[in-house]
Amino acid sequence: MSDTDPCDACGEQVTDALARTVRVSVDRSEVDSQRLCPNCFAGWIERYRTEMASGGTGDDESGIIVD
């Protein structure tokens, strides 16, 4: 990757200092990785919160680990 690779969501150039990487893993195996600009990252977080709030039970036995 260079210093200004594009955002995987919108395609805009984003510097490494501003980029955020979202990695989704299942049983410790990475199934997806996205490099996002600040705006797309904020949108991803909001979608994640909405989906987890609507379908999650909120207990520790859900098997979802966020780190």
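Residues numbered from 1 in each chain as written. Predicted model: local features only at pLDDT ≥ 70, side-chain atom pairs only at ≥ 80, totals over all residues. Heavy atoms only, no water.

By the naming in an unreviewed UniProt entry, the protein chain is Small CPxCG-related zinc finger protein, taken from Halogeometricum rufum.

**Student:** Which parts of the structure should I look at to understand the confidence of the model for the protein chain?
**Tutor:** For residues with low pLDDT, the predicted coordinates do not support detailed interpretation. Put simply, the protein chain has an average pLDDT of 85, and 78% of its residues get 70 or more. Mean pLDDT across the secondary structure elements of the protein chain bottoms out at helix H1 (residues 38-55), with 90, and peaks at strand S2 (residues 29-36), with 94. (pLDDT = per-residue confidence, 0-100. Helix = DSSP H or I, 4+ residues; strand = E, 2+ residues; numbered from the N terminus.)

**Student:** Looking at this structure, I do not really get the pairing of S2. What am I missing?
**Tutor:** As paired strands, strand S1 (residues 20-26) and S2 are joined by 7 bridges and run antiparallel to one another. Note on S2: the bridge partner recorded for Arg20 is Leu36. Connecting S1 to the next strand, S2, in antiparallel fashion are 2 residues, including Asp27 with a positive phi near 50°. (Pairing = 2+ DSSP bridges.)

**Student:** Whenever I open this one, the side chain of Asp5 confuses me. Can you help?
**Tutor:** Within the element layout of this structure, Asp5 appears in the segment before S1. For the buried Asp5, which has no salt bridge, the nearest side chain bearing the opposite charge is Arg35, at an N-O separation of 4.8 Å. The residues contacting Asp5, other than those within four sequence positions of it, are Glu12, Gln13, Val14 and Arg35. (Buried < 20%, exposed > 50% of the residue type's maximum accessible area, 1.4 Å probe, protein only. Lys, Arg positive; Asp, Glu negative; His and termini not counted. Salt bridge = Lys/Arg side-chain N within 4 Å of Asp/Glu carboxyl O. Contact = heavy atoms within 4.5 Å.)

**Student:** Can you walk me through the side chain of Arg35 in this structure?
**Tutor:** Structurally, the position occupied by Arg35 is in strand S2. Arg35 gets classed as buried once you look at its relative accessible area, which sits at 5%. Among the polar contacts made by the side chain of Arg35, one reaches the main-chain carbonyl oxygen of Val14 at a distance of 3.3 Å. Polar contacts involving the side chain of Arg35 include one to the side chain of Asp16, which spans 2.4 Å. (Polar contact = N/O pair within 3.5 Å; in protein donor to acceptor, adjacent residues only side chain to side chain.)

**Student:** Would you mind going over unusual backbone geometry with me for this structure?
**Tutor:** Outside of glycine, negative phi angles account for most residues, and trans bonds account for most peptide bonds. Residues other than glycine seldom take positive phi values, yet Asp27 does so here, at roughly 50°. Within the secondary structure layout, Asp27 lies in the loop between S1 and S2. Residue class for Asp27 comes out exposed when judged on its relative accessible area of 75%. The backbone phi angle of Arg28 is positive, close to 70°, even though this residue is not glycine.

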